[in-house]
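Listed below, chain by chain, are the residues.
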Amino acid sequence: MSARALTTLLFLGIFSGLFAVQGYAQEAPEPVGKVSLQRDQAMVEANRLDIAVVVFDDGVPEAVAEQNARGILPKVRAVESTFLPVNLRQALQASDAWGVIRVTPEESLLAHVQVKVRIEQATGLELRLAVTVTDATGRVWLDRTYLDYSAEADYPVPEEVDPILDGDPFADIYGAIANDMLAARQALGARGPRQIQQVAFLRYAAALAPDAFGDYIAEQEGHYKIQRLPAEGDDMVARVERIRSQEYLFVDHVDEQYVDLQREMAPAYNLWRQYDREQALYRLEYEQRAAERDKQGRYGSFSALQQVYNQYKVSKIQQQDIRQLARGFDNETAPTVLESSGQVYRLTGTLEQQYSDWRRILGQIFALETGLPSPAE
């Protein structure tokens, strides 16, 4: 570890101590360190599992006083809750061990594996994520908190490169999560993936047509078990598969929107993280000098106050850019036009609203075709 990195960690200890005084300290896990992304190119195609990376829980406390004490800007955190999942998605894709990986606004019954994350800390200096990974059977793969620190060499973040393999300051945290997920997948054995795929399909079918598929699967305390399988060539299964294919098309569209929006905001966000890191380190250095009564930076000196103000001014400018991007992200209202069963549908509103509306429409289409009650009824 370099002297600079060691100094940074020492400063982080001081910074955590400041939060401890105010009652907001958390016991930090061990940093992930340098991580090499593991790959599994030999994965059998039929055993590849689809993953839904759900938009992150922003972890913003309701009390404004606590937000201020922890240095949380809700608008920035809103951006991060949709920006960071794309980075994790790309790390999982790079491992070449999975089926289709999508960022979704909520849990998706289409996916075989769900990844849910709460942001516990996100600054230019530190990223801490509480990660829970479960498969369609209800089996928990991961339930732990990951921590990573950036280094001076991580900034400025280069543009137009792979953010996971070549540039992101916290690439190691995504690599660590991807590696642990791969290890959990490999521990399932040869038959595990097929069972997960079957349970995922039956859960989707039961949600779409509970009267027809409700008794195919049983649930107890969040765990799902197959009771029986549909007959081969079942017409109802074919209908479910067709509706599911329609939902796949829209979920792919939603995922593409998240990727495009992340790419659009990356330059401003990365610049904000760089200045945020510099400001945090300077603040910690300044506090240390003040405590030691350093003559060159004594408490209250004009030069010290001027430096603090300059950092604050630049930071506020970057915050304004991020807030502007956040407004565009939160209010994404580009309409989506989709076709199903010869009918054209125009969806409006946020991505989350469009996603809910499309699922409701597909349920109604299925009910009309089969004569079964709609799940919404």
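As the structure is a prediction and not an experimental result, all values here were calculated from the model.

Engineer: Sorry, what's going on with the overall build of the protein chain here?
Structural biologist: Secondary structure summary: the protein chain contains 10 helices and nine strands in total. Sorting the 377 residues of the protein chain into buried and exposed places 48% on the buried side. Residue pairs at least 24 apart in sequence account for 70% of intrachain contacts in the protein chain once pairs closer than 6 positions are excluded. Approximately 18,900 Å² of the protein chain is accessible, and the part contributed by carbon and sulfur atoms is 47%.

Engineer: Just checking my understanding: could you explain the nonpolar core for this structure?
Structural biologist: Counting 71 residues, the largest nonpolar core has Leu129 and Met181 as its most contacted members. Ranked by residues supplied to this core, first place goes to helix 8 (residues 235-292) with 10 residues. Among residues more than four places away in sequence, those in contact with Met181 are Ile51, Leu92, Trp98, Val113, Val115, Val133, Trp141 and Leu142. Counting seven residues, the second-largest nonpolar core is a separate cluster that includes Val86, Val103, Val254 and Val259.

Engineer: It is not clear to me how the confidence of the model for the protein chain should be interpreted in this structure. Could you clarify?
Structural biologist: Caution applies to low-pLDDT regions: their predicted coordinates should not be interpreted in detail. Per-residue pLDDT for the protein chain has a mean of 79; in total, 70% of the residues score no lower than 70. With pLDDT under 50 throughout, residues 1-24 is counted as low confidence; its partners more than four residues away or in other chains account for 33 contacts.

Engineer: What's the story with unusual backbone geometry in this structure? I'm lost.
Structural biologist: Excluding glycine, most residues fall at negative phi; most peptide bonds, likewise, are trans. Following Tyr155, the chain continues to Pro156 via a peptide bond in cis, the omega torsion being -5°. Mapped onto the elements of the fold, Pro156 is located in the loop between strand 5 (140-149) and helix 4 (163-167). The backbone of Asp96 sits at a positive phi, close to 55°, despite the residue not being glycine. Considering the arrangement of structural elements, one finds Asp96 in the loop between helix 3 (74-94) and strand 2 (101-104). Since its relative accessible area comes to 31%, Asp96 is described here as partly exposed. Within the chain, Glu221 stands out as a residue other than glycine whose phi angle is a positive 55°. Examined against the element boundaries, Glu221 turns out to sit in the loop between strand 6 (217-220) and strand 7 (223-226). Accessibility expressed as a relative area gives 74% for Glu221, which makes it exposed.

Engineer: Even after reading the chapter, I still don't get helix 6 (residues 192-208), so can you show me in this structure?
Structural biologist: Given 3.6 residues to a turn, an α-helix orients residues that are three or four positions apart in the same direction. Under the 1.5 Å per step criterion, the end-to-end length of helix 6 is 25 Å for 17 residues, consistent within 8% with the ideal 24 Å. Within helix 6, 12 of the 17 residues are buried, which leaves the element mostly enclosed by the surrounding structure. Among all positions of helix 6, only Gly192, Pro193, Ile196, Gln197, Val199, Ala200, Phe201, Leu202, Tyr204, Ala205, Ala206 and Leu208 are buried.

Engineer: Honestly, the environment of Ala207 in this entry has me stumped. Any pointers?
Structural biologist: Counting through the fold element by element, Ala207 comes out in helix 6. In the structure, Ala207 is positioned 156 residues away from Gly363 in sequence and 9.1 Å away in space, judged by C-alpha atoms.

Engineer: In this structure, what is going on with the environment of Arg128? I would like to understand it.
Structural biologist: In this fold, Arg128 is placed in strand 4 (residues 126-135). Given the relative accessible area of 9%, Arg128 is considered buried. Put simply, Arg128 and Pro29 are 99 residues apart on the chain and 8.8 Å apart in space, counted from C-alpha to C-alpha. One polar contact links Arg128 to Glu126, side chain to side chain, over a distance of 2.8 Å.

Engineer: Quick question: what am I supposed to make of helix 3 here?
Structural biologist: Between its first and last C-alpha, helix 3 extends 31 Å over 21 residues, near the 30 Å set by a 1.5 Å rise per residue. Along helix 3, the helix axis deviates most sharply at Ser81, where the bend reaches about 25°; the proline Pro85 sits within four residues downstream. Buried residues dominate helix 3, accounting for 17 of its 21 residues. The first or second residue beyond helix 3 is Asp96, which carries a positive phi of 55°.

Engineer: It is not clear to me how the pairing of strand 4 should be interpreted in this structure. Could you clarify?
Structural biologist: A regular strand places its side chains so that they alternate between the two faces of the sheet. The buried count for strand 4 comes to eight of 10 residues, which makes it a mostly enclosed element. Bridge analysis of strand 3 (residues 113-122) against strand 4 gives nine bridges, and the strand direction is antiparallel. For Val113, the partnering residue across the bridge sits in strand 4 and is Asp135. Bridge count for strand 4 against strand 5 is nine bridges, and the pairing is antiparallel. What sits directly across from Thr134, in strand 5, is Val140. Count of turn residues in the strand 4/strand 5 antiparallel hairpin: four residues, of which Gly138 carries a positive phi of about 95°.

Engineer: Is there a simple way to think about the packing of aromatic side chains in this case?
Structural biologist: Counting across every chain of the model gives four aromatic pairs. Here the aromatic rings of Phe83 and Tyr269 are separated by 4.6 Å at their centres, their planes lie at 50°, and the arrangement is tilted. Taken as a pair, Phe83 in helix 3 and Tyr269 in helix 8 lie far apart in primary sequence, 186 residues in all. Overall, the relative accessible area of 2% leaves Tyr269 in the buried class. Ring centres 5.4 Å apart and planes at 45° place the aromatic pair Phe213 and Tyr216 in the tilted group. Since its relative accessible area comes to 8%, Tyr216 is described here as buried. Put simply, the rings of Phe83, Tyr269 and Trp272 touch in pairs and so form one group of aromatic residues. We note Arg144 situated over the ring of Tyr146; from NZ or CZ to the ring centre the distance is 3.9 Å.

Engineer: What is the right way to read the pattern of salt bridges from this model?
Structural biologist: Overall, the coordinates contain 14 salt bridges when judged by the stated rule. Linking Lys116 and Glu107 is a salt bridge whose minimum nitrogen-to-oxygen distance equals 3.0 Å.

Conventions we followed
- Within each chain, residue numbers correspond to sequence positions counted from 1 in written order.
- The predicted origin of the model limits local features to residues at a pLDDT of at least 70 and limits the giving and counting of side-chain atom pairs to 80 or more, whereas totals for whole chains, interfaces and linings rest on all residues.
- With hydrogens and water set aside, each side-chain value is computed from the structure's full complement of heavy atoms.
- Here a helix means four or more residues in a row that DSSP labels H or I, a strand means two or more in a row labelled E, and each is numbered from the N terminus.
- Partly exposed describes any residue whose relative accessible area lies between the buried limit of under 20% and the exposed limit of over 50%, with all areas from a 1.4 Å probe on protein chains only and scaled to the type maximum.
- Any two residues having at least one pair of non-hydrogen atoms within 4.5 Å are treated as being in contact.
- Areas reported here follow the Shrake-Rupley algorithm with a probe of radius 1.4 Å; residue values treat only the protein chains shown as occluding.
- Note on terminology: a nonpolar core comprises buried Ala, Val, Leu, Ile, Met, Phe, Trp, Tyr and Cys residues joined through side-chain atoms within 4.5 Å.
- Values of pLDDT, the confidence the predictor places in each residue, fall between 0 and 100.
- Here a helix's expected span is defined as the number of its residues, less one, multiplied by 1.5 Å.
- Distance and chemistry together define a polar contact, namely a pair of N or O atoms within 3.5 Å, with one atom able to donate a hydrogen and the other to accept it when in protein, and with adjacent residues in sequence counting only for side-chain atoms on both sides.
- The angle between axes fitted to the seven-residue stretch ending at a residue and the seven-residue stretch beginning at it gives the bend at that residue.
- Any two strands with at least two DSSP-identified bridges between them are counted as paired.
- Only rings of Phe, Tyr and Trp enter the pairing, Trp through its six-membered ring, and a pair is recorded when the two centres are within 6.5 Å. The plane angle decides the type: under 30 degrees is stacked, over 60 is edge-to-face, the rest tilted.
- Sitting over a ring, as applied to charges here, requires NZ of Lys or CZ of Arg to be within 6 Å of the ring centre and within 35 degrees of the ring normal.
- One side-chain nitrogen of Lys or Arg within 4 Å of one carboxyl oxygen of Asp or Glu is enough to make a salt bridge.

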